[in-house]
Amino acid sequence: MSGKVGQSEEQACEAFVAWLDHRVVAAGRGDGLDRLEVSPSGTFWLGRLACEDEVRKGAGDERSERLDPCAIGIRLRPAAAPSWSMTVTVRARAWVQDSKDGPDPERRWWRSDLVEEPVSVLVGTEGGSFGRKQLADAFAAVGAPGLSAEVRVDVEDWHRETELVVQLVNTSPEKPPGLTDSHLYETQLEISGLPTVSFKLEALPDSFRYERDVPAYGVNVGVEVLALGVFRTSDTVGVQTYRPTYWNVTNTPPDLSFVTLAADPLPQLAALIDALAAYDDTHWSPAVLDARHAAKGWTPMMRAEADRSASEVFAELDRLRTGLELLRTRPAILRAFQLMNKAIARSAQGRGYATWRPFQVGFLLSTIRFLVEPEDEARYVDTVWFATGGGKTETYLGLLLTAAFFDRLTGKTMGVTAWSRFPLRLLSLQQTQRFADALASAEMVRKEEGAGGTPFSLGFLVGQAGTPNKIVPKTDSDDVTPDSPGMPDKYQVLLYCPFCRDENLQMRFDRERWRLEHRCTSATCPTKGRALPMYVVDQEVFRFLPTVVVGTLDKAASIGLQQAMRGLVGPPQKLCPVPWHGFTYAERSAAPNGCLVPNCQGGKVLKPLPMDPKRFGPSLRLQDELHLLRDSLGAVDSHYESLLDHLQAELCGTRAKIVASSATLTGYDRQVDVLYQRQGRVFPQPGPQAGESFWTTPTAQPLRRFVAVAPRGVTLEHVSDRTLDTLQRCVRELVNDPVKVCAETGINPKHASMLVSLYGTDVVYGTTLYDVEAAGRSLGSNNTVEGINVEQLTGQTDFDEVRAILERLENPEDDFAERIHVIAASSMLSHGVDVDRLNTMVMLGLPLTTAEFIQTTARVGRKYPGLVYVLHKIGRERDAQTFRHFEQYVRQGDRFVDAIPITRRSRRVLELTIAGIVGARTLMIREPASRQRLSTPAKLRDYVRDSGMTPAAEAAAVAMVLGFKGAEDTLHQQQIAEWLQAWFADLEDPTNKATFISELGPRSPMTSLRDVEASAPIHD
Ligand SMILES: [Zn+2]
Ligand SMILES: [Zn+2]
């Protein structure tokens, strides 16, 4: 083939993806098969049409019709008045079964020749049927007498404008004569000769940014526009997206390499801002908006939205200018920024990138003011909106390290700079590793540059079955001891050494220091065999208060139960005199001097804190995947966020800045207000047109090909199995006969082994664990290709297994037969599993949220062209709707995102959270202030009497914490008051059997923010 010699890797991938898709569609339709041993109606899922009688006799509702439809069609808007004329070309085939003594008794089903009939249509407002005899004759002529079909035209005008629905309907009898199957196969409809006008999408929010014209809609199919006025049905709906580039103006981009920004950042940053200012003027000035308004026929609402967006765009520009000015005038900020760049340069070494994307620097500039005006800036939640492309983790890390260095340069020599939270179990080992890499590099820079303070370190704080809360010397419960099964290896969190990247890490439990350690065994490692600055046991996090704590959101619940969580919002109490014991907290029977090391021999004389206690409060709280904080989880978290703010304000007089990332902006302002009681601010602002802004624009390089499939007549599992089977068959053909496949696909054979590697592992993604497990099982038993190796990646998969699977994906076995061929995954995959070798996906039904769709599919095609089959559960109304609008759904995903359902006013949730708030206030504010132990009811009772604490006063304080302070909050205030009366009654009741204060009151504090049914909707 011409051009094959100079074919690039990417072109080879493109050709291969096109071939894969072609083969999958062919397998779905039955293209190219002559004979079949099994019934075609139980095999094919595309292009088939059931007969109308059968569909009518079934449940007869819309749903069952979608599951096995009897018609496909195209909906159009005619340009002229009736009557209308057009040519409708019908294509179809039949499958007929031979009698038992036929020519091929093993494969009795045979496929007819193609019926291809142009049907002339002339129709008025009453609609009509056409071509019935012509089509029946044509079926008889190919050996399937008795089959019949017609072109049916309905005229509808309930959408104000007249619409024509042109359909091919299978009118065959349910039992055609002979042994013919009553389905039609490989059906297609093509319309030409009718002048049409486009549909206009309704003016949804933000419409001024979007293309609103849709030339035609498919009925049970997709539609392709072949030429002006020529429309053809397609069995699947394919949507190609393109890889973004991160610079969208003609000026040469400034040099935003880490090295340059470490040395001399100001000129480059100034150039970036100048380019942004010029772009904003070109696209957002009133004159430009006037012109677009006129040209595109904007409604007044659209214009108002455009004006509002323009003012936000200019506000963003101002924030960037402020950031630059601070770098110019505040030496500590400049230095922190430079050291951060130096550290990032180091951690990026050898990874193929050495420079920031402009939007990442933009975000840093727009946010950096919080370092010098923490109080003012804490009023806003700054959110990285990452629909435009990857790089959010690096963006976080840039901000984290800048803050960490700034802390060191301004006298915060220890303690937590940032607490970074990921929803539920979505924190991945790869993400944790990236944090560790960045902090290790920062630590080396800190040392070299003499930035002062204690070494930078990382803590890992996750709930539920991750790593231990504590390690005890011996136990009769399920606590972990140094001798527990799997200790210490099973708690390895890092994949390799963050200092030298050597993979030979060793886990060790140091009994003397009572520490669960990661150690690097490389002789050349800068750590020289000492423990890595990485803390994975909760109590070690409290003892050492690492610079950055990374963990899952649900862990915040411990704040209501665990007094040592104080270190994450404020100061610990003291330091243990034993050097490696770390910070101490309140005294307990198991910790008589407050030291968390079992049987500490440090004695009662503790060392004072070596830093101003007020500086222990963290500067930053990060929230990843903000859009997932919804429903009950969002409601519960909103109360705990208020509690964290309250505790830090009481203990340090400061407020942490909150920075988040989100895949969606719909309803963002309200979500931020409910969750954090702060204002939302998004970076980057969306551009003047969808998918394009100063910061990003699509290139011509393919990113992902999305293929919507509406399976017909067979189960979703069958389609998923057959699709994966075909994908695996194709790759095996390439493995076994590269010369033949390369010739067939026009691929230069030198790319063959790369393609085997890049397309040899398919992902099957299920939105429920049940789906995932079923997919894994059925593939194991149902495939026609031999030896498909399936592995699962779900929330249930153990850490060490995840680690082993990732390792195999990153470094596949030499022999293709030994590799992982299919990964059956749940949403666990969509967060931080970054493997460039994953490029094909089969999605079992649409995920519940558009955000999950966007993120999950982003796991494939990260670097090479991806292919995603979205199998719609077409019986569901939502899937059916999305199938109709699939192109818009993929291209304009964000507008299809529903506003996030969230409230802080759920009284059911309040019932769950009061205990944690009361508990935290007791443990973290009252107990340290009282200089005595308040952990048991007896001691607390004495304290309450002495201090004059009353139910009413405490109820008022709790209501204040939660922001229930208005007249409209009377019910909530009353609920809190009643709860506290019960709590006080328990406290005063001498017969109460509570041993710990957490057992007082109507219920105990939550142990995890997930202690609420996650699926239940929550209302005010
Ligand atoms: Zn090392
Ligand atoms: Zn100690």
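Residues numbered from 1 in each chain as written. Chains lettered and ligands numbered in written order. Predicted model: local features only at pLDDT ≥ 70, side-chain atom pairs only at ≥ 80, totals over all residues. Heavy atoms only, no water.

## Things to note about the overall build of the protein
Here comes step 1: Regarding its fold elements, the protein presents 28 helices and 35 strands.
Here comes step 2: Scaling as 2.2 N^0.38, a compact globule of 1020 residues should have a C-alpha radius of gyration of about 31 Å, and the protein matches this with 32 Å.
Here comes step 3: Principal axes of the C-alpha set define a box for the protein whose edges measure 100 × 65 × 65 Å.
Here comes step 4: Taken across its 1020 residues, the protein has 60% of its residues classed as buried.
Here comes step 5: Counting only contacts in the protein whose residues sit at least 6 apart along the sequence, the fraction spanning at least 24 positions is 76%.
Here comes step 6: Counting every atom, the protein has about 39800 Å² of accessible surface; 50% of that belongs to carbon and sulfur. (Helix = DSSP H or I, 4+ residues; strand = E, 2+ residues; numbered from the N terminus. Rg over C-alpha atoms; globule rule 2.2 N^0.38 Å. Buried < 20%, exposed > 50% of the residue type's maximum accessible area, 1.4 Å probe, protein only. Contact = heavy atoms within 4.5 Å. Areas by Shrake-Rupley, 256 points an atom, 1.4 Å probe, with all protein chains shown as cover.)

## Concerning the sheet that holds strand β33 (residues 822–825)
Here comes step 1: The strand order across the open sheet built from seven strands is β17-β30-β35-β34-β31-β33-β32, with neighbouring strands paired in mixed fashion. Two strands bound the open sheet, and with one partner strand each, they are β17 (237–245) and β32 (790–793). Each neighbouring strand pair of the sheet contributes to a mean axis angle of 25 degrees, computed without reference to strand direction.
Here comes step 2: With six bridges joining them, strand β30 (residues 697–709) and strand β35 (residues 866–871) adopt parallel strand pairing. Note on β35: the bridge partner recorded for phenylalanine 706 is valine 868. (Pairing = 2+ DSSP bridges. Axes fitted to C-alpha atoms, helices over the stretch in contact; angles between N-to-C directions.)

## Some thoughts on the coordination of the zinc ion (ligand 2)
Here comes step 1: Donor atoms from the polypeptide that coordinate the zinc ion (ligand 2) comprise Cys576 (SG), His581 (ND1), Cys595 (SG) and Cys600 (SG), at 2.1 to 2.3 Å from the metal.
Here comes step 2: Bound by four donor atoms, the zinc ion (ligand 2) shows angles of 103 to 120 degrees at the metal and therefore tetrahedral coordination geometry.
Here comes step 3: Mapping the donors of the zinc ion (ligand 2) onto the primary sequence gives the spacing C-x4-H-x13-C-x4-C. Placement of the pair is histidine 581 in the loop between β25 (574–575) and β26 (583–584) and cysteine 595 in the loop between β26 and β27 (620–623), with a sequence separation of 14 residues. Both residues of the pair, histidine 581 and cysteine 595, belong to the buried class. (Donors = N, O, S within 2.8 Å, 3.2 Å for Na, K, Ca; no water. Tetrahedral: all angles 85-135°; square planar, octahedral: opposite > 155°, others 65-115°.)

## Side note on the coordination of the zinc ion (ligand 1)
Here comes step 1: Protein coordination of the zinc ion (ligand 1) is provided by Cys497 (SG), Cys500 (SG), Cys520 (SG) and Cys525 (SG), with donor distances spanning 2.2 to 2.3 Å.
Here comes step 2: Donor residues binding the zinc ion (ligand 1) come from one chain and are separated in sequence as C-x2-C-x19-C-x4-C. Here cysteine 520 lies in strand β22 (residues 515–520) and cysteine 497 lies in the loop between β20 (458–461) and β21 (505–510), a separation of 23 residues in the sequence. For the pair cysteine 497 and cysteine 520, a shared accessibility class is recorded, and that class is buried.

## Regarding the pattern of salt bridges
Here comes step 1: Taken as a whole, this structure holds 66 salt bridges when the rule is applied.
Here comes step 2: Note that arginine 346 is salt-bridged to glutamate 448, the shortest N-O span being 2.5 Å. Here arginine 346, found in helix α9 (residues 331–348), pairs with glutamate 448, found in helix α13 (residues 429–449); they are 102 residues apart in sequence, far enough to count as distant.
Here comes step 3: Between aspartate 437 and arginine 351 there is a salt bridge; the shortest N-O distance is 3.1 Å. Of this pair, aspartate 437 sits in helix α13 while arginine 351 is found in the loop between α9 and α10 (358–367), placing the two residues 86 residues apart along the sequence.
Here comes step 4: Classification of arginine 351 by relative accessible area gives partly exposed; the value is 30%.
Here comes step 5: Linked through salt bridges whose partners overlap, the residues forming this network are Arg369, Asp376, Glu377, Arg379, Asp382, Lys657 and Arg681. (Salt bridge = Lys/Arg side-chain N within 4 Å of Asp/Glu carboxyl O.)

## Description of the packing of aromatic side chains
Here comes step 1: Across all of its chains, the model carries 24 aromatic pairs by this definition.
Here comes step 2: Look at tyrosine 535 and phenylalanine 544: their rings are 4.9 Å apart centre to centre, the planes differ by 15 degrees, and that puts the pair in the stacked class.
Here comes step 3: Taken together, a centroid distance of 4.9 Å and an interplanar angle of 50 degrees make the contact between phenylalanine 853 and tyrosine 889 tilted. Here tyrosine 889 lies in helix α24 (residues 886–891) and phenylalanine 853 lies in helix α22 (residues 850–857), a separation of 36 residues in the sequence. (Phe/Tyr/Trp six-rings, centres within 6.5 Å; stacked < 30°, edge-to-face > 60°.)

## Some details on the packing of helix α6 (residues 265–284) against α10
Here comes step 1: Across the interface, α6 lies against α10 with an axial gap of 11 Å and an inter-helix angle of 100 degrees. On the basis of their axis angle, the class for α6 and α10 is roughly perpendicular. Seen from α6, the contacting residues are Leu269, Leu272 and Ile273; seen from α10, they are Pro358, Val361, Gly362 and Leu365.
Here comes step 2: A per-class count over the contact of α6 with α10 returns six nonpolar, one polar and no charged. (Parallel < 35°, antiparallel > 145°, perpendicular 65-115°, else oblique. Nonpolar A, V, L, I, M, F, W, Y, C, P; charged D, E, K, R; others polar.)

## Examining the environment of serine 642
Here comes step 1: The residue serine 642 is located in helix α15 (residues 631–652) in this model.
Here comes step 2: For serine 642, a relative accessible area of 6% translates into the label buried.
Here comes step 3: Along the sequence, serine 642 and leucine 962 sit 320 residues apart, while their C-alpha atoms lie 5.9 Å from each other.
Here comes step 4: Setting aside residues up to four positions removed in sequence, serine 642 forms contacts with Gln677, Arg904, Val961 and Leu962.
Here comes step 5: Only 3.2 Å separates the side chain of serine 642 from the backbone oxygen of serine 638, close enough to count as a polar contact. (Polar contact = N/O pair within 3.5 Å; in protein donor to acceptor, adjacent residues only side chain to side chain.)

## Structural notes on the confidence of the model for the protein
Here comes step 1: Across the protein, the average pLDDT comes to 91, with 95% of residues at 70 or higher.
Here comes step 2: Throughout residues 1013–1020 the model reports pLDDT below 50, and contacts reaching past four residues in sequence, or to other chains, amount to 20 contacts. (pLDDT = per-residue confidence, 0-100.)

## Observations concerning the domain arrangement of the protein
Interface extent is often summarised as the accessible area lost during association of the parts.
Here comes step 1: On domain assignment, one finds that the protein holds domain 1 (47–234), domain 2 (699–792 + 802–896) and domain 3 (907–999).
Here comes step 2: Placing a centre on the C-alpha atoms of domain 1 and another on those of domain 3 gives a separation of 69 Å. (Domains from an automatic or database assignment.)

## Remarks on the packing of α15 against helix α25 (residues 907–930)
Here comes step 1: Interhelical geometry of α15 versus α25 gives an angle of 15 degrees and a closest axis separation of 10 Å. Judged on the interaxial angle alone, α25 and α15 are roughly parallel. Crossing of α15 over α25 shows right-handed handedness. On the side of α15, the interface is formed by Ala635, Val636, His639, Tyr640, Leu643, His646, Leu647, Glu650 and Leu651, while α25 contributes Val909, Leu910, Thr913, Gly916, Ile917, Ala920, Arg921, Met924 and Ile925.
Here comes step 2: When the residues that make up the contact of α15 with α25 are grouped by side-chain class, the tally is 12 nonpolar, four polar and two charged. (Left-handed = near helix turned anticlockwise from the far one by under 90°.)

## Regarding helix α1 (residues 9–29)
Since the α-helix turns once every 3.6 residues, residues separated by three or four places project in the same direction.
Here comes step 1: For α1, built from 21 residues, the straight-helix expectation of 30 Å at 1.5 Å per residue is met to within 8% by its first-to-last C-alpha distance of 30 Å.
Here comes step 2: Two residues or fewer after α1 comes glycine 30, characterised by a positive phi angle close to 95 degrees. (Expected span 1.5 Å × (residues − 1).)

## A look at the pairing of strand β19 (residues 418–422)
Here comes step 1: β19 sits mainly inside the fold: five of its five residues count as buried.
Here comes step 2: Neither face of β19 is left uncovered, since the one carrying Ala418, Ser420 and Phe422 and the one carrying Trp419 and Arg421 both have all their residues buried.
Here comes step 3: Pairing analysis gives five bridges linking β19 to strand β24 (residues 548–552), with the strands arranged parallel. Residue pairing for β24: phenylalanine 422 is matched across the bridge by threonine 552.
Here comes step 4: Taken together, the four bridges between β19 and β27 define a ladder with parallel strand orientation. Each bridged residue has a counterpart across the sheet, and for alanine 418 the counterpart in β27 is leucine 620.

## Regarding α15
Here comes step 1: In this model, α15 (22 residues) spans 31 Å end to end at C-alpha, consistent with the 32 Å of a helix rising 1.5 Å per residue.
Here comes step 2: Counting buried residues in α15 gives 20 out of 22 residues, a clear majority hidden from the surface.
Here comes step 3: Note on α15: the residue one or two positions beyond its end, glycine 653, has a positive phi of about 70 degrees.

## A closer look at unusual backbone geometry
Here comes step 1: In this structure, the amide linkage connecting methionine 487 to the following residue, proline 488, adopts the cis form with an omega of -5 degrees.
Here comes step 2: Counting through the fold element by element, proline 488 comes out in the loop between β20 and β21.
Here comes step 3: Phenylalanine 683 connects to proline 684 through a cis peptide bond whose omega is -10 degrees.
Here comes step 4: Within the fold, proline 684 resides in the loop between β29 (679–683) and β30.
Here comes step 5: Of note, the phi angle at asparagine 220 is positive, near 65 degrees, even though the residue is not glycine.
Here comes step 6: Within the element layout of this structure, asparagine 220 appears in the loop between β14 (217–219) and β15 (222–227).

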